[in-house]
Each structure stands twice: as C-alpha cells, then as structure tokens.
Amino acid sequence: MFDLKDLYQEVIIDHSKRPRHFGKLAGQNREAEGYNPLCGDRLTVELIVEDGIVKDAAFEGAGCAISTASASLMTDMVRGKTEAEAQALFRQFQSLVTRNDPPTEDELLELEKLAALAGVRAFPSRVKCATLAWHTLSAALDRRNAPVKTE
Ligand code: ZN
C-alpha cells in the first residue's frame, strides 16, 4: 500500500542530505540571517529579486535535518514566484504548522513537497526548525536587516 508518511520521510531525508541551492548567490540583492536558539539552527538566505519576482534563491548555514530540508524546499519553491506569492506561501505554511486544525487534503496538495513538513505540527519544538528558513525569507523580502530570531 502507498504510504504517504514514508514518502514525506523520504523527501525530508533527501533534502537534508542533499540540500538544493546551498551556498552563496552571486549578484544577490536581498539577504537575511535567521537563528533558532531552541535547536541551534542558523542560516542565511540570499535572493535575487528583479521586477518583483524572486529570480533565484539560495541558503547557507548549519542546522538540523528539519531546518535544512525546509530551507532546501523553500529555495526550490520560491524561485519564479512574485514577492507577494512567496510571502503568501510563508504565511500559509506557518499557519498550517501552528494552528490547531489539521491541514486539509487541498492544502497539502497546494504545498506540494513542502507538505512533507506538515507533520512537525505535532512537535511544537520542531515547528521553529521548520519555519526558520521561511521567517528568514520573509525578512529578506521585506529588507529587514536585523537577524531573525525564532525566540
Ligand atoms: Zn532544528
């Protein structure tokens, strides 16, 4: 039988072991740092934003498997999106992992591979690992220069 949980597990392991878009981004024009003191995850998100569109995204840093997988999936997903779409995706994901109601099937479909991280909602201490890259993305888009802290 097809097991969605196994698939999600695979996505997280794959993206944490072989993170996409890891490293510096030449010509970046937006940057923010994020830190999750609860777990020790630390990362920098770099973006190239042109005409309101996220042309490219990359991240650097060190963190747990969840934070790395989330950053990897994030950089994959926001490329080609408008700034507003990227911010909306952040809010959608943030809401899904922090609210009480479980995600609907439609929401999980919309989040594509990011749905693999929906399971962290059952582990409040890991929610910050999963959302760190997204808070940092949001800060970079808003040109907030102070490092983002999840605490
Ligand atoms: Zn973590």
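These numbers were taken from a predicted model, which means no experiment stands behind them. (Residues numbered from 1 in each chain as written. Predicted model: local features only at pLDDT ≥ 70, side-chain atom pairs only at ≥ 80, totals over all residues. Heavy atoms only, no water.)

**Some words on the coordination of the zinc ion**
Around a metal, the ideal angle is 109.5 degrees if four donors adopt a tetrahedral arrangement and 90 or 180 degrees if six donors adopt an octahedral arrangement.
Then step 1. All of the protein donors around the zinc ion are Cys39 (SG), Asp41 (OD), Asp41 (OD), Cys64 (SG) and Cys129 (SG); their distances to the metal are 2.2 to 2.6 Å.
Then step 2. For the zinc ion, all donor residues lie on one chain, and their spacing in sequence is C-x1-D-x22-C-x64-C. Taken together, the residues Cys64 in the loop between strand E3 (53–62) and helix H2 (65–78) and Cys129 in helix H5 (residues 124–141) connect sequence positions 65 residues apart. For the pair Cys64 and Cys129, one class covers both residues: buried. (Donors = N, O, S within 2.8 Å, 3.2 Å for Na, K, Ca; no water. Helix = DSSP H or I, 4+ residues; strand = E, 2+ residues; numbered from the N terminus. Buried < 20%, exposed > 50% of the residue type's maximum accessible area, 1.4 Å probe, protein only.)

**Topic: the pattern of salt bridges**
Then step 1. Summed over the entire model, instances satisfying the criterion amount to eight salt bridges.
Then step 2. Between Glu83 and Arg30 there is a salt bridge whose closest N-O contact spans 3.2 Å. Of the two residues, Glu83 sits in helix H3 (residues 83–98) while Arg30 sits in strand E1 (residues 30–36), which places them 53 residues apart along the sequence.
Then step 3. Judged by relative accessible area, which is 23%, Glu83 ranks as partly exposed.
Then step 4. Judged by its relative accessible area of 8%, Arg30 is buried.
Then step 5. Close ionic contact of Arg144 with Asp142 constitutes a salt bridge, the shortest N to O distance being 3.0 Å.
Then step 6. Residue Asp142 is classed as partly exposed on the basis of its relative accessible area of 42%.
Then step 7. The network of salt bridges with common partners includes Asp14, Arg18 and Arg20. (Salt bridge = Lys/Arg side-chain N within 4 Å of Asp/Glu carboxyl O.)

**Considering the environment of Arg42**
Then step 1. Relative to the helices and strands, Arg42 is located in strand E2 (residues 41–50).
Then step 2. Here Arg42 falls in the partly exposed class, since its relative accessible area comes to 48%.
Then step 3. Put simply, Arg42 and Lys149 are 107 residues apart on the chain and 9.5 Å apart in space, counted from C-alpha to C-alpha.

**Focus: the packing of aromatic side chains**
A ring pair, where both rings are aromatic, is described by two values, the distance of the centres and the angle of the planes.
Then step 1. Under the definition given, this model contains two aromatic pairs.
Then step 2. Between Phe22 and Phe59 the ring centres are 5.1 Å apart and the planes differ by 85°, which places this aromatic pair in the edge-to-face class. With Phe22 in the loop between helix H1 (4–17) and E1 and Phe59 in strand E3, this residue pair connects regions lying 37 residues apart in the sequence.
Then step 3. The ring of Tyr35 carries the charged tip of Arg42 above its face, separated from the ring centre by 4.0 Å. (Phe/Tyr/Trp six-rings, centres within 6.5 Å; stacked < 30°, edge-to-face > 60°. Lys NZ or Arg CZ within 6 Å of the ring centre and 35° of its normal.)

**A look at the side chain of Glu46**
Then step 1. Positionally, Glu46 belongs in strand E2.
Then step 2. On the accessibility criterion, Glu46 (4% relative accessible area) is buried.
Then step 3. Beyond its immediate chain neighbours, meaning those up to four positions away, Glu46 contacts Lys24, Leu25, Gln28, Arg30, Glu31, Asp56, Ala57 and Ala58. (Contact = heavy atoms within 4.5 Å.)

**Here's the deal with the environment of Asn36**
Then step 1. With respect to the secondary-structure elements, Asn36 resides in strand E1.
Then step 2. For Asn36, a relative accessible area of 0% gives the class buried.
Then step 3. Along the chain, Asn36 and Ser67 lie 31 residues apart, while their C-alpha atoms are 9.4 Å from each other.
Then step 4. Each residue touching Asn36, except ones within four places of it in the same chain, is listed here: Asp41, Lys128, Cys129, Leu132 and Thr150.

**Overview of the nonpolar core**
Soluble globular proteins tend to pack their nonpolar side chains together in the buried interior.
Then step 1. Ranked by size, the top nonpolar core spans 44 residues in total, and within it Leu47, Ile66, Val78, Leu114, Trp134 and Leu137 carry the most contacts.
Then step 2. Residue contributions to this core peak at ten residues, all from H5.
Then step 3. Sequence-distant contacts of Leu114, defined by excluding residues within four places in its chain, comprise Leu73, Met77, Phe93 and Trp134. (Core = buried A, V, L, I, M, F, W, Y, C linked by side-chain atoms within 4.5 Å.)

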